[in-house]
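Close look at the chain arrangement
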Amino acid sequence: MEIEIVRPEEIEKRSFAIISEELKAQGITLPEDQEAVTKRCIHTSADFDYARNLTFSEGAVEKAKEAIRHGASIVTDTQMARSGINKKVLEQYGGQVYCFMSDTDVAEAAKRAGTTRAVASMEKACALEEDLIFAIGNAPTALIRLYELIREGRIAPKLVIGAPVGFVNVVQSKEQILTLKDTPYIVARGRKGGSNIAACICNALLYQC
């Protein structure tokens, strides 16, 4: 097998070309509005299952882009995802990225309530008086609590990215989000996901704004 010679600045472009070729070979045609998000998830993970398991509510991508252009911020459940989101692009529109998982008050609230910091961090997010996109890539407890907060009318996200990874309550937490009628979502159904996937979905949206 020969090494392909690709200039450094052309590597990402070539990677996306390969993804397009392989999707075509598999007979997969992505909806135009979802294509950039799905391909970036595949690019991040080298996993073509995302062409099948990413689920979008109607108009989710356009609604999310509109929210970003009007200054929406992003709340995520890990510092890793926060690090991976392109904050420079988001700041151009007036938004910022929040992760409350390391906050002392969140740790104390979780201890008092006997719950996880992920749950407490979602509750803290309710106090933010701005439009929010939630990018959950690790903790199903965060996604479950977010679902409850939405149902209780305490928060109305502009988008929920549901991509926790793992085995315990991961599938169930994602399926709950899919039942929401008035909340835009992008959900990686099944067990796959991760902080890198949550971040790359955010970036795919940011790069289209």
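Everything that follows concerns the structure shown earlier in this document.
Definitions and limits used
- Residues numbered from 1 in each chain as written.
- Predicted model: local features only at pLDDT ≥ 70, side-chain atom pairs only at ≥ 80, totals over all residues.
- Heavy atoms only, no water.
- Helix = DSSP H or I, 4+ residues; strand = E, 2+ residues; numbered from the N terminus.
- Contact = heavy atoms within 4.5 Å.
- Axes fitted to C-alpha atoms, helices over the stretch in contact; angles between N-to-C directions.
- Left-handed = near helix turned anticlockwise from the far one by under 90°.
- Nonpolar A, V, L, I, M, F, W, Y, C, P; charged D, E, K, R; others polar.
- Salt bridge = Lys/Arg side-chain N within 4 Å of Asp/Glu carboxyl O.
- Buried < 20%, exposed > 50% of the residue type's maximum accessible area, 1.4 Å probe, protein only.
- Pairing = 2+ DSSP bridges.
- Core = buried A, V, L, I, M, F, W, Y, C linked by side-chain atoms within 4.5 Å.
- Arc of directions from axis to C-beta.

**Looking at the side chain of Thr-55**
Here Thr-55 is to be found in strand β1 (residues 54–56). Apart from the residues lying within four places of it in its own chain, the contact partners of Thr-55 are Leu-178, Tyr-185, Ile-186, Val-187 and Arg-189.

**Considerations on the packing of helix α7 (residues 104–113) against helix α8 (residues 117–125)**
Direction vectors running N to C along α7 and α8 enclose 115 degrees, while the axes themselves pass 8 Å from each other. Of the two elements, α7 crosses α8, and the hand of that crossing is right-handed. Taking contact as the criterion, the partners of Asp-105, Val-106, Ala-107, Ala-109 and Ala-110 in α7 are, on α8, Arg-117, Ala-120, Ser-121 and Lys-124. Among the residues making up the contact of α7 with α8, the classes are represented as 5 nonpolar, 1 polar and 3 charged.

**Quick look at the pattern of salt bridges**
Counted under the stated rule, the structure contains 17 salt bridges. One salt bridge in this structure joins Lys-124 and Asp-103, with 2.7 Å as the shortest N-O distance. Remark: Asp-103 occurs in the loop between β3 (97–98) and α7 and Lys-124 occurs in helix α8; sequence separation between them is 21 residues. Lys-124 gets classed as partly exposed once you look at its relative accessible area, which sits at 26%. For Arg-154, the salt bridge identified is with Glu-152, shortest N-O distance 3.9 Å. Given a relative accessible area of 43%, Arg-154 falls into the partly exposed group. Residues joined by salt bridges that share partners form a network here, namely Glu-123, Arg-145, Glu-148, Glu-152 and Arg-154.

**Regarding the sheet that holds strand β4 (residues 132–136)**
The sheet built from 6 strands is open, its strands ordered β1-β6-β5-β4-β2-β3 with mixed pairing. Where the open sheet ends on each side, the last strands, each with one partner, are β1 and β3. Against the sheet, helix α11 (residues 195–206) engages β1, β2 (73–76), β4, β5 (159–162) and β6 (185–188), with an angle of about 140 degrees to β5.

**A short note on the nonpolar core**
Counting residues in hydrophobic clusters, the biggest one holds 38 residues, and the most contacted among them are Leu-23, Val-37, Leu-54, Ile-74, Leu-159, Ile-201 and Leu-205. With 9 residues, α11 is the single largest residue contributor to this core. The next biggest cluster of nonpolar side chains, apart from the first, holds 29 residues, and it includes Tyr-98, Phe-100, Ala-125 and Leu-146.

**Observations regarding helix α10 (residues 170–177)**
Every buried residue of α10 is accounted for by Val-170, Ser-173, Lys-174 and Ile-177. Along the long axis of α10, the arc covered by the buried residues comes to 95 degrees, so they all point the same way. Close packing links the buried residues of α10 with α9 (140–151), β5 and β6.

**Here's the deal with the environment of Lys-87**
Assignment of secondary structure puts Lys-87 in helix α6 (residues 87–92). Given the relative accessible area of 23%, Lys-87 is considered partly exposed. Once the C-alpha coordinates of Lys-87 and Ser-73 are considered, the two residues, 14 residues apart in sequence, prove to be 9.9 Å apart. Not counting the four nearest positions on each side in its chain, Lys-87 is found in contact with Arg-82 and Val-97.

**With respect to the environment of Ser-15**
Mapped onto the elements of the fold, Ser-15 is located in helix α1 (residues 11–25). Here Ser-15 falls in the partly exposed class, since its relative accessible area comes to 23%. Sequence spacing of Ser-15 and His-43 is 28 residues, and the spatial spacing of their C-alpha atoms is 7.1 Å.

Remember, this is a structural readout, not a statement about activity or role.
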